[in-house]
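Residues per chain are reported as follows:
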Amino acid sequence: MRDRTFAPSRILIYLVVSLIAAAYLAPLAVVVLNSLRTNEEIAQASMIGWPKQWAWSNYAAAWSGFCVAETCAGIRPYMLNSALVTIPATIISTMLGAIAGYAVSLWRFRGDSWIYGIVTLGLFLPQQMRLLPWTIVLRDIGLINTLAGLVLIHTIQGLSFTTLFCRNYYVAIPHELIRAARIDGAGFFRIFWRIILPLSSPILIVTVIWQFTHIWNEFLYGVTFTTGQQQPVTAALIALSAAIADIPQHGVQSAAVIIAALPTLLIYLLGGRYFVRGLTAGAVK
Amino acid sequence: MAALSIRALSKRYANLEVLKGIDLDIESGEFTVLVGPSGCGKSTLLNIVAGLDRASDGTIEIGGRIVNDVPPKDRDIAMVFQSYALYPSMTVRQNITFGMECRHVPKAEQEKAVANVAKLLQIEPLLGRKPSQLSGGQRQRVAMGRALVRDPLLFLFDEPLSNLDAKLRVEMRMEIKRLHQRIGATIVYVTHDQVEAMTMATRIAVMHQGEVQQFADPDTVYRYPANLFVARFMGSPPMNTMRARLEAENGGPVVVIGAGRPDEVRLRLRGYDAAAPFVGREVVLGIRPECIAEGSRVFAGDAPIIVNAPVEMVEPTGAETIVLLRLGGEPAMARITPDIRPTPGASAAFALDTRRICLFDPETERLIA
């Protein structure tokens, strides 16, 4: 039986935890509430308040009606841009990371730990530091202001993480499996495809969630390398604020922010438990 | 025909020499066991034979073909691993056919081969299961099935029984031996368990510190260990070894344990002519525990040699009684009949079988006679 009496120390702990949670959730609450209030209401009262009437029209306006950078199609085209960048970049970086992680963990070769070290060094380079090199690269290969350029950046930048995740998962796989398969006559890719990949779903789910969330939420590259119609939704949200600078439209802006955040939220809700499980799970039992 | 010939094989990692010039010739149909303590190089040797590791020097010939630069899959070998290394996401059937699939064997032929092997190993009901649904013994069988289905020139076993519990290990040991007798395969089997080596091998290669200490049939290894290491490694409890002095008496050699002490033990040796140069010198005497028995035991042939010795400890095992005693002050173990239990602290009479004594050179540690 658990002790259900509340000692003073326990009450204090709950109090502190609740305060921290409230502080953390407050901005979200304000945005959610504002997304349901009309503009007039916000202007008359204050930024913080309960909706007097539910203004669902904010969502419709944010999705497809509002004008951003001279076109009035809401944030829908920018959501599509984000999807067109995030989905391929997530899939490609996860697959390449899995292959790289498999190579450095299960195939010993000269310099393997060096290569792994250099790849993961990418985790520690600040994003700002990489802006200039990427500018030069994108300019030289003609991908400035294209979605393909962003896919390239996110795929390559993502490799540090995906390789790290997969490598750490694969080191727990017994090497004898590889040796047995080599004697059976399987090569590098057949072993990966037939033996390693079927064991990988926990770590692939983790990697996909991680990559999807990060690429979707990424802002700096989006705003730096794309303009106008090519921007991902995170960058477009800023353009949206700029476009309505004359009359603040907090309701529509809030709705746009929430729509933009929905995909990552959904991914987390669907795969969150795999995420926690996958990060702690051993590879093969 | 030699199924496997290893010539002057060595393996170095940076400044560590793991194998120091190995020479082995294994005939077709032989069951060769590589045995030695951990770190002796036996698994490295097996990996080099399999092609999973490269030799620093020397050559490997399988079926008369030098295979140093041949990849594992083309060496005509099959291997059974300690962890079984079954592919976790495949069924038993897929595990067995994976190799054939890689070699593009036609489907119908694969089916036939699986059916044969499954029948031989009695794993037909398991073919649709995943490895995680199998017991240790069943996994072991499937791992052997995967090797057998290839019908290779050479089978390599890397400590295949060490993950099984004691009872199953004995069963599988017999099964592997029976399998060898039935299909007459050439097997190289690595283990650290000298009992496995003794019971299964047609020839044993005892390895230590990267060298083959002795390569001979089990009886020879047991009866005439080439040196002190082999003497002490093979057999459980191990051979008793003790310092002794070799003297001459009436023209024949006599070995004296604890010379000069009031309780010195003098043992007359017959047929030890090779020991003649050591008369008057120190030697190391080796005597197996089963050659020291209760005083009433009669070892075939000669009149028994009876020694009174103080008993230090008694360990009844059920099948026999192990007695720790002192011969001329030197500790020794004896195996006596189970129903005799000498009193620790008192003296008791022991019969010695002197025909099976080994003498070693104390400097080179090699067998003299």
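Residues numbered from 1 in each chain as written. Chains lettered and ligands numbered in written order. Predicted model: local features only at pLDDT ≥ 70, side-chain atom pairs only at ≥ 80, totals over all residues.

(A) Highlighting the confidence of the model for chain B. Looking at chain B, the pLDDT average stands at 92 and 99% of residues meet or exceed 70. The ipTM, which scores confidence in the relative placement of chains, is 0.84 for this predicted complex, and the corresponding pTM is 0.83. (pLDDT = per-residue confidence, 0-100.)

(B) Spatial organisation of helix α8 (residues 175-184) of chain A. Counting buried positions along α8 of chain A yields eight of 10 residues, so the element is predominantly enclosed. Those residues of α8 of chain A that sit buried are Leu177, Ile178, Arg179, Ala180, Ala181, Arg182, Ile183 and Asp184 of chain A. Where α8 of chain A is buried, its residues touch α4 (76-106) and α9 (188-196) of chain A together with α1 (42-50), β6 (77-80) and α2 (92-102) of chain B. Once α8 of chain A ends, the next one or two residues include Gly185 of chain A, with phi positive near 100 degrees. (Buried ≥ 20, exposed ≤ 12 C-beta atoms within 10 Å, placed from the backbone. Helix = DSSP H or I, 4+ residues; strand = E, 2+ residues; numbered from the N terminus. Contact = placed C-beta atoms within 7 Å.)

(C) Up close: the domain arrangement of chain B. Residue and element names in this part refer to chain B. The domains assigned to chain B are domain 1 (2-233) and domain 2 (240-360). Taken residue by residue, the interface counts six residues in domain 1 and six residues in domain 2. Among the elements that line the side of domain 1 that touches domain 2, the one with the most residues is helix α8 (residues 228-233), at three residues. Residues that form the side of domain 1 that touches domain 2 fall into these classes: three nonpolar, one polar and two charged. (Domains from an automatic or database assignment. Nonpolar A, V, L, I, M, F, W, Y, C, P; charged D, E, K, R; others polar.)

(D) Up close: the sheet that holds strand β19 (residues 347-352) of chain B. Residues and elements named next belong to chain B. A sheet is described by the order of its strands in space; here five strands give the open sequence β15-β19-β16-β17-β18, paired in antiparallel fashion. The open sheet has two free edges, formed respectively by β15 (292-294) and β18 (330-336), since each of these has just one partner strand. Here the strands of the sheet are splayed against their neighbours by 50 degrees on average, with no regard to which way each runs. Here six bridges tie strand β16 (residues 305-316) to β19, and the two strands are oriented antiparallel to one another. Across the sheet, residue Ile305 finds its bridge partner in β19, namely Leu352. (Pairing = 2+ DSSP bridges. Axes fitted to C-alpha atoms, helices over the stretch in contact; angles between N-to-C directions.)

(E) Inspection of the interface of chain B and chain A at higher detail. Contacts between chain B and chain A engage 17 residues on the former and 15 residues on the latter. At the level of elements, β6 and α2 of chain B are the ones that each hand at least two residues to the side of chain B that touches chain A.

(F) Here's a closer look at the UniProt feature "domain: ABC transporter" (unreviewed entry) in chain B. The positions that UniProt labels "domain: ABC transporter" (unreviewed entry) are, in the present scheme, residues 4-234 of chain B. With 37% helix and 26% strand, the stretch residues 4-234 of chain B has end C-alpha atoms that lie 25 Å from each other. (UniProt positions renumbered as here; feature names shortened; annotations may be inferred.)

(G) Representation of the nonpolar core in the model. Ranked by internal contacts, the top residues of the largest apolar core, which has 150 residues, are Leu34, Val49, Met79, Leu156, Val188, Val206 and Phe350 of chain B. In terms of residue count, the dominant contributor to this core is helix α7 (residues 147-170) of chain A (11 residues). For Val49 of chain B, the residues in contact, after removing those within four places along its chain, are Leu4, Ile60, Leu156 and Val188 of chain B. (Core = buried A, V, L, I, M, F, W, Y, C linked by C-beta atoms within 7 Å.)

(H) Local environment of the UniProt feature "transmembrane region" (unreviewed entry) in chain A. All names here are of chain A. The feature "transmembrane region" (unreviewed entry), as annotated in UniProt, sits at residues 12-33, 83-107, 114-137, 143-170, 191-212 and 255-276 in this numbering. Across residues 12-33 one finds 100% helix and 0% strand; the C-alpha atoms that close the span lie 30 Å apart. Span residues 143-170 is 86% helix and 0% strand, its end C-alpha atoms 35 Å apart.

(I) Broad picture of the sheet that holds strand β1 (residues 2-13) of chain B. All names here are of chain B. Read across the sheet, four strands follow the order β2-β1-β4-β5 without closing on themselves; strand pairing throughout is antiparallel. Strands at the two margins of the open sheet, each flanked by one partner only, are β2 (16-27) and β5 (65-66). Where β1 and strand β4 (residues 57-62) come together, five bridges link them in antiparallel fashion. Looking across to β4, one finds that Ser10 is bridged to Asp57.

(J) Representation of the environment of Arg261 of chain B in the model. All names here are of chain B. One can find Arg261 in the loop between β12 (252-257) and β13 (265-268). What makes Arg261 exposed here is the crowd of 11 C-beta atoms within 10 Å. Note: C-alpha distance between Arg261 and Arg178 (83 residues apart in sequence) is 52 Å.

(K) Spatial organisation of unusual backbone geometry. Residues and elements named next belong to chain B. Cis geometry marks the peptide bond from Ser236 to Pro237; its omega dihedral reads -5 degrees. Turning to its location among the elements, Pro237 is positioned in the loop between α8 and β11 (240-249). The backbone of Gln122 shows a phi angle near 55 degrees, a positive value even though the residue is not glycine. Tracing the backbone shows Gln122 in the loop between α3 (107-121) and α4 (136-148). Residue Gln122 is classed as exposed on the basis of its 11 C-beta neighbours within 10 Å. Positive phi is not limited to glycine here, since Glu159 has a value of about 45 degrees. Within the secondary structure layout, Glu159 lies in the loop between β7 (154-158) and α5 (166-183). Accessibility expressed as a C-beta count within 10 Å gives 20 for Glu159, which makes it buried.

(L) A look at the pairing of β19 of chain B. Residue and element names in this part refer to chain B. Because side chains alternate across β19, one face comprises the buried residues Ala348, Phe350 and Leu352, and the other comprises Ser347, Ala349 and Ala351, none of which is buried. Sheet analysis places β15 next to β19, joined by three bridges and oriented antiparallel. Of the residues in β19, the one forming a bridge with Ala293 is Ala351.

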